[in-house]
Amino acid sequence: MFNNDYFTGLELACQCCGKYHFEDETLRRLIRVRERLGKPMIISSGYRCPAHNKRINATMTHATGQAVDVSVAASGAHKLMKIALEEGFTGIGVKQKGPIKRRFIHLDDLDSIPGERARPTVWSY
């Protein structure tokens, strides 16, 4: 991980084993979003090792080192999504139902995969 003013390896590492695997270009894109947003971004999930992903029965986006979930709600979520799309994130997952503390926006910059949903794309949880 390269040195930056906004994100630590610890907050982007796997929550179960502490392994850090995060793509530099995704981190650069995340930093640009943070700078434009103008306020801290709380990462609720960064990289997930394959074992962690399997335990929580999740898709493999986080295991690529190209995805994060950001804790955010209400108008902050809308602003984050707008900036993220402008900065080149191609996958935006929206979880804005339920308790405020459990709401988040998923961001990834994966390429389109033949036979999968085209990118950019937005979905809800």
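Residues numbered from 1 in each chain as written. Predicted model: local features only at pLDDT ≥ 70, side-chain atom pairs only at ≥ 80, totals over all residues. Heavy atoms only, no water.

Notes on the overall build of the protein
Logical step 1: Of the regular secondary structure elements, the protein holds 4 helices and 5 strands.
Logical step 2: Counting from the amino terminus, helix and strand elements in the protein follow one another as α-α-β-α-β-α-β-β-β.
Logical step 3: In summary, the protein has a C-alpha radius of gyration of 14 Å against a globular reference of 14 Å for 125 residues, a match within 12%.
Logical step 4: A burial count over the protein gives 44% of its 125 residues as buried.
Logical step 5: By sequence separation, contacts in the protein at least 24 residues apart represent 60% of the contacts at least 6 residues apart.
Logical step 6: Counting every atom, the protein has about 7100 Å² of accessible surface; 53% of that belongs to carbon and sulfur.
Logical step 7: Here the protein carries 19 positive and 13 negative side-chain charges, and the mean point of each set is 10 Å from the other. (Helix = DSSP H or I, 4+ residues; strand = E, 2+ residues; numbered from the N terminus. Rg over C-alpha atoms; globule rule 2.2 N^0.38 Å. Buried < 20%, exposed > 50% of the residue type's maximum accessible area, 1.4 Å probe, protein only. Contact = heavy atoms within 4.5 Å. Areas by Shrake-Rupley, 256 points an atom, 1.4 Å probe, with all protein chains shown as cover. Lys, Arg positive; Asp, Glu negative; His and termini not counted. Charge placed at Lys NZ, Arg CZ, Asp CG, Glu CD.)

Notes on the environment of Q66
Logical step 1: By the secondary structure assignment, Q66 is in the loop between helix 3 (50-55) and strand 2 (67-71).
Logical step 2: Residues Q66 and R117 lie 51 residues apart in sequence; the distance between their C-alpha atoms is 17 Å.
Logical step 3: What Q66 contacts, discounting residues up to four positions off in sequence, is E23, T26, T61, L107, D108, D109 and L110.
Logical step 4: Side chain to side chain, Q66 and D109 meet in a polar contact 3.1 Å long. (Polar contact = N/O pair within 3.5 Å; in protein donor to acceptor, adjacent residues only side chain to side chain.)

Some points on the layout of surface pockets
Logical step 1: Put simply, the largest pocket is a space of about 380 Å³.
Logical step 2: Along the walls of the largest pocket sit 18 residues, with T59, M60, T61, R117 and R119 positioned nearest its centre.
Logical step 3: Taken together, the residues of the lining of the largest pocket break down into 7 nonpolar, 5 polar and 6 charged. (1 Å grid on protein atoms, 1.4 Å probe; cavity = no way out; pocket = protein on both sides within 12 Å on 5 of 7 lines; lining within 4 Å. Points joined across faces, edges and corners; volume = space filled by probe spheres on them. Nonpolar A, V, L, I, M, F, W, Y, C, P; charged D, E, K, R; others polar.)

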